[in-house]
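One-letter residues, chain by chain:
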Amino acid sequence: METAVAKEIGGRREQQDAAGVWTCPNTRCALLVVADGMGGHADGAQAARMAIATAERLWHDCDGRPEDPAALLERLFREAQAALHNPGAAPGEQSGTTLVALYVGPERAWWAHCGDSRLYHFEGERLIARTRDHTRVQALADAGEIREEDMATHPEQNQLLQALGVVDPIRVEHGEASLTPDSRFLLCSDGYWEQLDPEESAQWMSQPDLQAACTQTAARAAQRGGVHGDNVAIAAWRAQAMTTPARRHLRAAIRPLLLGALLLLAVLAILFWPLD
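Residues numbered from 1 in each chain as written. Predicted model: local features only at pLDDT ≥ 70, side-chain atom pairs only at ≥ 80, totals over all residues. Heavy atoms only, no water.

(A) View of helix α1 (residues 44–61). Between its first and last C-alpha atoms α1 spans 26 Å; for 18 residues at 1.5 Å apiece the expected length is 26 Å, and the two agree. Buried within α1 we find Gly44, Ala45, Ala47, Ala48, Ala51, Ile52, Thr54, Ala55, Leu58 and Trp59. Looking at the packing, one finds that the buried side of α1 touches β2 (17–24), β3 (29–37), α2 (69–84) and β4 (97–104). (Helix = DSSP H or I, 4+ residues; strand = E, 2+ residues; numbered from the N terminus. Expected span 1.5 Å × (residues − 1). Buried < 20%, exposed > 50% of the residue type's maximum accessible area, 1.4 Å probe, protein only. Contact = heavy atoms within 4.5 Å.)

This is the structure:
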């Protein structure tokens, strides 16, 4: 498997997005997390970092091999919520963050989210599914009142209905899927998906150097956001594609076999050619 992660501050004075990736390469297990601290509340950056720190602690607690991956993700959200939510805080003084998380095992993937940070599931360059935002604008799109492509620029886009720390109880939505050699997952904050559509995402995730493509694309999203653009955070996972050196090695191994087969056919043709 291959993973990548990147962040950009965009047009903001502070980076309130956070991302983390932890892997067990030998067993093809990984945990990817993206959190978007709520800038309109006190210390959103700290809230996002708290969510990432909770994910890292839980990863190490189970040594990257949970008995129940869906339960691990649920625990992540509940423990982060417990650490952030303060019932006595005055309005506007409560730290909050969105959160999207993905656990990938050898044969299957599980994910969960709360807020408007998204997960996209691709098979090759074909979009299979994405998480549904917990926002007023997502509700409008689901009701057919606005188009999907208009969500990013809608004036009510930033109206969250769910987020850790500022809503209690929270609603955590889960998903899962079997893995194939073409499986790819992208986790991102709204500062990313407001600027790049799924087709562009599928294209850069097909590049040979996933980390380089991830870094370049985060910068592109921030550039498109301009001086008033949002923070950007992305984390990506894909089943490892065959590298160029591997292809050369395979061709080098196959070439003698092909030549030998051709030589054998030539010898057989001579031996069995009908005589006059």
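(B) The arrangement of the sheet that holds β2 in detail. Spatial strand order, β2-β3-β4-β5-β8: 5 strands in an open sheet with antiparallel pairing. A single partner strand is all that each edge strand has here, and the edge strands are β2 and β8 (173–178). Sheet twist, expressed as the mean angle between neighbouring strand axes with direction ignored, is 10 degrees. Direction of pairing for β2 relative to β3: antiparallel, over a ladder of 8 bridges. Bridging across to β3, Thr23 finds its partner in Ala30. The sheet contacts of α2 involve β3, β4, β5 (108–114) and β8, and relative to β4 the element is tilted by about 160 degrees. (Pairing = 2+ DSSP bridges. Axes fitted to C-alpha atoms, helices over the stretch in contact; angles between N-to-C directions.)

(C) Spotlight on the nonpolar core. Of all hydrophobic cores here, the largest spans 29 residues; its most connected members are Leu31, Val33, Leu76, Phe77, Leu99, Tyr103 and Leu164. Element by element, the count of residues in this core is highest for α1, at 7 residues. Sequence-distant contacts of Val33, defined by excluding residues within four places in its chain, comprise Ala18, Ala19, Gly20, Trp22, Ile52, Ala55, Leu76, Leu99, Val100, Ala101 and Leu187. Ala4, Tyr192, Ala202 and Ala236 belong to the second largest nonpolar core, which has 21 residues in total. (Core = buried A, V, L, I, M, F, W, Y, C linked by side-chain atoms within 4.5 Å.)

(D) Main features of the confidence of the model for the chain. Residues at a pLDDT of 70 or more form 86% of the chain, whose mean pLDDT is 89. Every residue in residues 242–253 scores below 50 in pLDDT, and together they form 2 contacts with partners more than four places removed in sequence or on other chains. (pLDDT = per-residue confidence, 0-100.)

(E) Molecular detail of the sheet that holds strand β10 (residues 232–238). As summarised here, the arrangement of the 5 strands in space is β1-β10-β9-β6-β7, forming an open sheet in which the pairing is antiparallel. The open sheet has two edge strands, β1 (2–8) and β7 (126–130), and neither has a second partner. Direction aside, neighbouring strands of the sheet carry axes that sit 20 degrees apart on average. Note: strand β9 (residues 183–188) against β10, 5 bridges, orientation antiparallel. Paired with Leu187 across the bridge in β10 is Ala235.

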